[in-house]
Amino acid sequence: SNLPAFTGQRIRVSGKVAANTLHIAKDRKRASFVLQGEEGKLQVNCTGLLPDNLAEDREVVAEGILEAPAVLRCDKVLTQCASKYQSASNSQTTR
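A brief report on the enclosed structure follows. Please read all numbers here as calculations on a predicted model, not as lab measurements.

**A short note on the overall build of the protein chain**
Each helix and strand counted, the protein chain has one helix and six strands in total. Reading the helices (α) and strands (β) of the protein chain from amino to carboxyl end gives β-β-β-β-β-β-α. The proportion of buried residues among the 95 residues of the protein chain is 31%. In the protein chain, once contacts between residues fewer than 6 apart in sequence are set aside, the share between residues at least 24 apart is 51%. Accessible surface for the protein chain amounts to roughly 6,300 Å². Of this, 50% is attributable to carbon and sulfur atoms.

Here it is, written out as structure tokens:
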């Protein structure tokens, strides 16, 4: 993994929230989880608005500052809605 080269820089990464790693604060303004990608894992610590559908085994995109080779200080997390778009495109092709 070439993540150490990006330490201190703003990055955007995508992957799946690993099982048994998601912790959301009661005020829903902080969360931490392990992001499982194709090339490895990344500890993500988020502050700010969290999507309502943030959950384990869900594909997400996280943006923030890479504090260490395997730790992201995240200020923006987005959930992927691929299944919704997929079903919409499938229904159009069957008409």
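**Here we look at the environment of Arg30**
Position of Arg30 among the secondary structure elements: in strand β3 (residues 30-36). Linking Arg30 and Leu49, residues 19 residues apart in sequence, is a C-alpha distance of 7.9 Å. Discounting chain neighbours no more than four positions away, the residues touching Arg30 are His23, Ile24, Ala25, Cys46, Thr47 and Leu50.

**Points about the pairing of strand β1 (residues 10-17)**
Here seven bridges tie β1 to strand β5 (residues 59-68), and the two strands are oriented antiparallel to one another. Residue pairing for β5: Ser14 is matched across the bridge by Val61. By the bridge criterion, two bridges tie β1 to β3 in an arrangement that is antiparallel. By the bridge assignment, Lys16 is partnered in β3 with Gln36.

**A closer look at the pattern of salt bridges**
Side-chain pairing between opposite charges can occur once the charged atoms of the two side chains come close. Per the stated rule, a full pass over the model turns up five salt bridges. Of the charged contacts in the structure, one is a salt bridge between Arg12 and Glu63, with a shortest N-O distance of 2.7 Å. With Arg12 in strand β1 and Glu63 in strand β5, the pair connects residues that are 51 residues apart, well separated along the chain. Note that Arg30 and Asp27 form a salt bridge whose closest N and O atoms lie 3.6 Å from each other. The class of Asp27 is partly exposed, set by a relative accessible area of 43%. Connected through shared salt-bridge partners, Arg10, Arg12, Glu63 and Asp75 make up one network.

Rules behind the numbers
- Residues numbered from 1 in each chain as written.
- Predicted model: local features only at pLDDT ≥ 70, side-chain atom pairs only at ≥ 80, totals over all residues.
- Heavy atoms only, no water.
- Helix = DSSP H or I, 4+ residues; strand = E, 2+ residues; numbered from the N terminus.
- Buried < 20%, exposed > 50% of the residue type's maximum accessible area, 1.4 Å probe, protein only.
- Contact = heavy atoms within 4.5 Å.
- Areas by Shrake-Rupley, 256 points an atom, 1.4 Å probe, with all protein chains shown as cover.
- Pairing = 2+ DSSP bridges.
- Salt bridge = Lys/Arg side-chain N within 4 Å of Asp/Glu carboxyl O.

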